[in-house]
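# Examining the three-dimensional arrangement
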Amino acid sequence: MKNYFYPEERIAIVGMGALLPDANNVDLFWSNILSKKVSIREVPDSILSRDIYYDRDAFGKINKKDKSYTRIVAPVDVDDYTSLSRKFKIPPAVAEHMDPNQHVAIYCVDQALQSLANSNINRERTAVIMCTGAPGIRYNNIIRRTYYEKIEHYLRNNPRLNSNFKKEELDELVQGLSNIALDGTIPITEDSAPGMLQSITAARISNLFDFYGPSYTIDAACASSLAAVISGITGLLRKDYDVLITGGVDVTLDESPFVVFSAINALSPTGSYPFDSRANGFVIGLGGGILVLKRLEDALRDNDRIYALISGFGQGSDGKGKYIAAPNEEGQFRVIKSTLEMSNYNADTIEYIEAHGTGTSVGDVVEIKALKKAFEAMGVTKKNFCGISSVKSNIGHLRYAAGSPGLIKAAMALHNKILPPTANVENINPKLGIEDSPFYILTDKKQWRENTSHPRRANVSAYGFGGADYSIALEEFRPEFLKKTYAFSKPAEDAKNSSDAPTQEIVLFSGSSIEEINESYRLFVEENIEGSDFE
């Protein structure tokens, strides 16, 4: 006899879409995860010039002199981002100025909507809450063009240059510099502002798909996409809207992130190795993922395909840590613990953690310590029952959008009943101290065994630069854990004409045995006794 039933406030994941390294849809992404495909390769010279920005010997030095010591990335297979949204017949002049992040968002949202088993959603009650992306290629375009104006003004008004060069020679010099400095940029027009603003990405979706609900973006650094999901869930629970489109994308790539993250020794010069003894930094990844969420009751009513249920979440900040950019064990611990508490089931029933797992030597150790501390605080004593994995071993770190592929991966794991592996693990980092803990590193896929007393359960984490900590708890959807009580209101015969009169309700109970029906009745009375007139 089962004693567990899904509480009414569960949120259902009913649709998903993705564009990720070596995967233009969710199914291919999941296949790559199971095969432990690693999508990391050398960055093209057109993005990071070896002659100008690369210095392999800068690794470990204090002053990198604005150089990158790495040349690896996990890219998406897209040559022309405007092609991703071409089916929507966006005017070419507008499409050209739209940042690639906007085109990828449109592509992923369209794919997520196409994945719905029931595509009839109420557009007036649909919200779009997404993470913001990095400043973006189109933003960089404007910065380069406006700053170049200063350079050209200086050259043309420099007395020494004017005295030593003929006008034609100076024109030739300036034109040559312009060709290099403005290569790949486009002129600034009336379409530039809406094209380059990352804050307008959600609005672009609402405009294109004609959604009327709240529409905005959230910035919580590398935790941004989970922050967007959690913000959106609160609105679903308040019934501010009925459908939520959420997640995030980040495909911004030029020399800037390589130089910036090399300066703080965050990047790996060799590869992405979460939880491995070789872990020495993260690898920049590109892509995005979008999820469509509904309240469980609405998903059941609409006969939706349910990939997984969201059962709880936690969000917080590190507060005053040692350094604003350093991972903080206490901050992560608090958020994981609050997620476990909100879920309201035993932590030792969680058998999979999709970790933030960036592959930095410090970050991985801090994250495992926080997990161990949180599970211990929840009274867990079992050892090595909960597998840990990280999608960054396959596709690198998507920065602002990092939480989306992790959440999609966990939902697919629950839906397909498979514990997914971490790629690139040769020797588990001994500093993790994972042997005498509730956890183990998932190095190979394996069937996720069913437990008859509760659904399969997982947690997903994302931590952002600056101390943003976010966590989400998931459950498998299995119909046998639905409450078997149904209420139908009917006015009392003697109160047909009185709005103040009480109503009578018929409550039906069903089950596979009389014991299960009695248990359903007991739970119903227990949950509804307050404020009722039945005994």
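The preceding data block contains the structure.
What counts, and where the lines are drawn
Residues numbered from 1 in each chain as written. Predicted model: local features only at pLDDT ≥ 70, side-chain atom pairs only at ≥ 80, totals over all residues. Heavy atoms only, no water. Helix = DSSP H or I, 4+ residues; strand = E, 2+ residues; numbered from the N terminus. Rg over C-alpha atoms; globule rule 2.2 N^0.38 Å. Buried < 20%, exposed > 50% of the residue type's maximum accessible area, 1.4 Å probe, protein only. Phe/Tyr/Trp six-rings, centres within 6.5 Å; stacked < 30°, edge-to-face > 60°. Lys NZ or Arg CZ within 6 Å of the ring centre and 35° of its normal. Axes fitted to C-alpha atoms, helices over the stretch in contact; angles between N-to-C directions. Contact = heavy atoms within 4.5 Å. Nonpolar A, V, L, I, M, F, W, Y, C, P; charged D, E, K, R; others polar. Pairing = 2+ DSSP bridges.

Scanning the chain from N- to C-terminus turns up 17 helices and 17 strands. Taken against the 2.2 N^0.38 rule, which gives 24 Å for 535 residues, the C-alpha radius of gyration of the chain at 26 Å falls within 12% of a compact globule. The principal-axis extent of the C-alpha atoms belonging to the chain is close to 105 × 60 × 40 Å. The 535 residues of the chain split such that 54% are buried.

Tracing the backbone through its elements, the reader meets Asn 528 in helix α17 (residues 514–528). Residues Asn 528 and Val 362 lie 166 residues apart in sequence; the distance between their C-alpha atoms is 49 Å.

In this section: the packing of aromatic side chains. Applying the stated criterion across every chain yields a total of 10 aromatic pairs. With a centroid separation of 5.8 Å and an interplanar angle of 5°, the aromatic rings of Phe 209 and Phe 211 are classed as stacked. Taken as a pair, Phe 209 and Phe 211 share a single burial class, namely buried. A ring pair is formed by Phe 261 and Phe 282, whose centres lie 5.4 Å apart and whose planes are at 70°; its orientation type is edge-to-face. Taken together, the residues span a long stretch of sequence, with Phe 261 in helix α11 (residues 255–263) and Phe 282 in the loop between α11 and β7 (287–295) at a distance of 21 residues. Assigned by exposure class, Phe 261 and Phe 282 land together as buried. The positively charged end of Arg 457 is found above the aromatic ring belonging to Tyr 4, 4.6 Å away from the centroid. The cationic tip of Arg 457 hangs over the ring face of Tyr 345; the distance from NZ or CZ to the ring centre is 3.7 Å.

Turning our attention to the packing of helix α10 (residues 224–237) against helix α16 (residues 403–416). As a packed pair, α10 and α16 sit with axes 7 Å apart at the nearest point and diverge in direction by 65°. Packed against α10, whose contacting residues are Ser 225, Leu 226 and Val 229, the element α16 presents Gly 403, Ser 404 and Leu 407 at the interface. Grouping the constituent residues of the contact of α10 with α16 by class yields three nonpolar, three polar and no charged.

Read across the sheet, 11 strands follow the order β5-β4-β6-β7-β1-β8-β15-β14-β9-β10-β12 without closing on themselves; strand pairing throughout is mixed. Strands at the two margins of the open sheet, each flanked by one partner only, are β5 (215–218) and β12 (439–441). The mean angle between the axes of side-by-side strands here comes to 25°, regardless of whether they run parallel or antiparallel. Examined bridge by bridge, strand β6 (residues 243–250) and β7 share eight bridges and lie antiparallel to one another. The residue bridging Gly 247 from the neighbouring strand is Ile 290, located in β7. Against the sheet, helix α14 (residues 361–377) makes contact with β9 (352–354), β10 (386–389), β12 and β14 (457–464), and its axis sits at roughly 150° relative to β12, the strand it touches most.

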